[in-house]
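Close look at the chain arrangement
So the chains spell out like this:
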Amino acid sequence: GRASLALALAVLIALVAACTSSRGPEVVAGVEEGPPAPLVVIGGTEADGDGLRDSLRDLWARLVFDELPPSTVYVNLATPRATAADALRTQVPEATMLEPTTALVWLPSGDTGRRTPVEQYRTDLTAVVEALGSTVEVVLLTEWEDPGAAPSDEYAAVVAEVASSAGASRVDITDVDASSSDAQEQVAERVLEALDAG
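The rules we used
Residues numbered from 1 in each chain as written. Predicted model: local features only at pLDDT ≥ 70, side-chain atom pairs only at ≥ 80, totals over all residues. Heavy atoms only, no water. Patch = residues over 30% accessible without salt bridge, like charges linked within 9 Å, V, L, I, M, F, W, Y side chains within 5 Å. Areas by Shrake-Rupley, 256 points an atom, 1.4 Å probe, with all protein chains shown as cover. Salt bridge = Lys/Arg side-chain N within 4 Å of Asp/Glu carboxyl O. Lys, Arg positive; Asp, Glu negative; His and termini not counted. Charge placed at Lys NZ, Arg CZ, Asp CG, Glu CD. Helix = DSSP H or I, 4+ residues; strand = E, 2+ residues; numbered from the N terminus. Contact = heavy atoms within 4.5 Å. Phe/Tyr/Trp six-rings, centres within 6.5 Å; stacked < 30°, edge-to-face > 60°. Buried < 20%, exposed > 50% of the residue type's maximum accessible area, 1.4 Å probe, protein only. Core = buried A, V, L, I, M, F, W, Y, C linked by side-chain atoms within 4.5 Å. Axes fitted to C-alpha atoms, helices over the stretch in contact; angles between N-to-C directions. Parallel < 35°, antiparallel > 145°, perpendicular 65-115°, else oblique. Nonpolar A, V, L, I, M, F, W, Y, C, P; charged D, E, K, R; others polar.

A cluster of acidic residues, D58, D182, E185, E189, E193 and D196, forms a negative patch at the surface. With four residues, the single largest contributor to the negative patch is helix 9 (residues 184-197). Structurally, the position occupied by E189 is in helix 9.

So, about the side chain of T142. Mapped onto the elements, T142 comes out in strand 5 (residues 137-142). For T142, the residues in contact, after removing those within four places along its chain, are A156, V159, R170, V171, D172, I173 and T174.

So, on to the packing of aromatic side chains. What the rule picks out here adds up to three aromatic pairs. With a centroid separation of 5.3 Å and an interplanar angle of 65°, the aromatic rings of W60 and W106 are classed as edge-to-face. A residue pair is termed long-range when its members are at least 10 positions apart, and W60 in helix 4 (residues 60-66) and W106 in strand 4 (residues 102-106) qualify at 46 residues. Residues W60 and W106 agree in their burial class; the two are buried. On the numbers, 5.2 Å between centres and 35° between planes, the contact of F65 with Y74 is tilted. The buried category is assigned to F65, whose relative accessible area is 11%.

Before going further, it helps to spend a moment on the nonpolar core. I42, V105, L107, L125, V138 and L140 are the most contacted members of the largest nonpolar core, which totals 29 residues. Residue assignment for this core shows that the elements contributing at least two residues are strand 2 (37-43), strand 3 (72-76), helix 5 (84-97), strand 4, helix 7 (118-132), strand 5 and helix 8 (152-166). Tallying contributions element by element places helix 7 first for this core, with six residues. If we ignore the near neighbours within four places in the chain, the residues touching L125 are A84, V105, L107, L140, V158, V159 and V162. In this structure, Y74, W106, A183 and L195 belong to the second largest nonpolar core, which totals 25 residues.

Turning our eyes to something else, we now look at the packing of helix 5 against helix 7. Axis separation between helix 5 and helix 7 bottoms out at 9 Å; the angle between their running directions is 5°. The angle between the axes of helix 5 and helix 7 places the two elements in the roughly parallel class. Residue-level contacts link A84, A85, L88, V92, A95 and T96 of helix 5 to Y121, D124, L125, A127, V128, A131 and L132 of helix 7. Among the residues making up the contact of helix 5 with helix 7, the classes are represented as eleven nonpolar, one polar and one charged.

Any two side chains of opposite charge can pair, so long as their charged atoms come close to each other. Evaluated as defined, the whole model comprises seven salt bridges. Of the charged contacts in the structure, one is a salt bridge between D86 and R89, with a shortest N-O distance of 2.9 Å. Note that D86 and R89 are positioned in helix 5 at a spacing of three residues, about one turn of the helix. In this structure D86 comes out as buried when scored by relative accessible area, which is 14%. Residue classification places R89 among the exposed residues on the basis of a relative accessible area of 55%. R122 is the partner of E119 in a salt bridge, and the nearest nitrogen-oxygen pair spans 2.5 Å. Here E119 pairs with R122, and both are found in helix 7, just three residues apart, close to one helical turn. Note on R122: relative accessible area 21%, which makes it partly exposed. Through salt bridges with shared partners, one network takes in D86, R89 and R114.

Right, here's the structure in full:
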């Protein structure tokens, strides 16, 4: 219920406030009274902002949050190099505890880097989306940081399949160098377009 959501958010905010490192969940509370609308970010390096000069301000997901209604609560659970299996094990349980309205999921490079079998990646990514629940608006992002690390076209096809079968939105940013600071706004714009269309 709303009481458990408020408690979970309070605990996360307290944990972040007590943390001296920039790593770990980033939480930004909504500024309007009324029911909060949690936006959770699940992913690996691309969603964590690793490598950006100021990931707490410049990351694409944070730019998305900046354009959403003031009641939105931003919780970024992404961790560097996370695979879909890692996210299912550690990020999704925290996300579901928050009863999110929207989830942004970006999980390519952890699996391509570890050469996870494509069928296993499909199983794990499907489980991530299904575990978030049918009431959550899910946006899956497709982009490959290191195309030489794995058969990226097969992995991209998996993301498209999972999005279609699970009723999630898919944002294709394969034409964007998402590792650069300049590209963060482009990624954010496409995610916002997907949210508006959903």
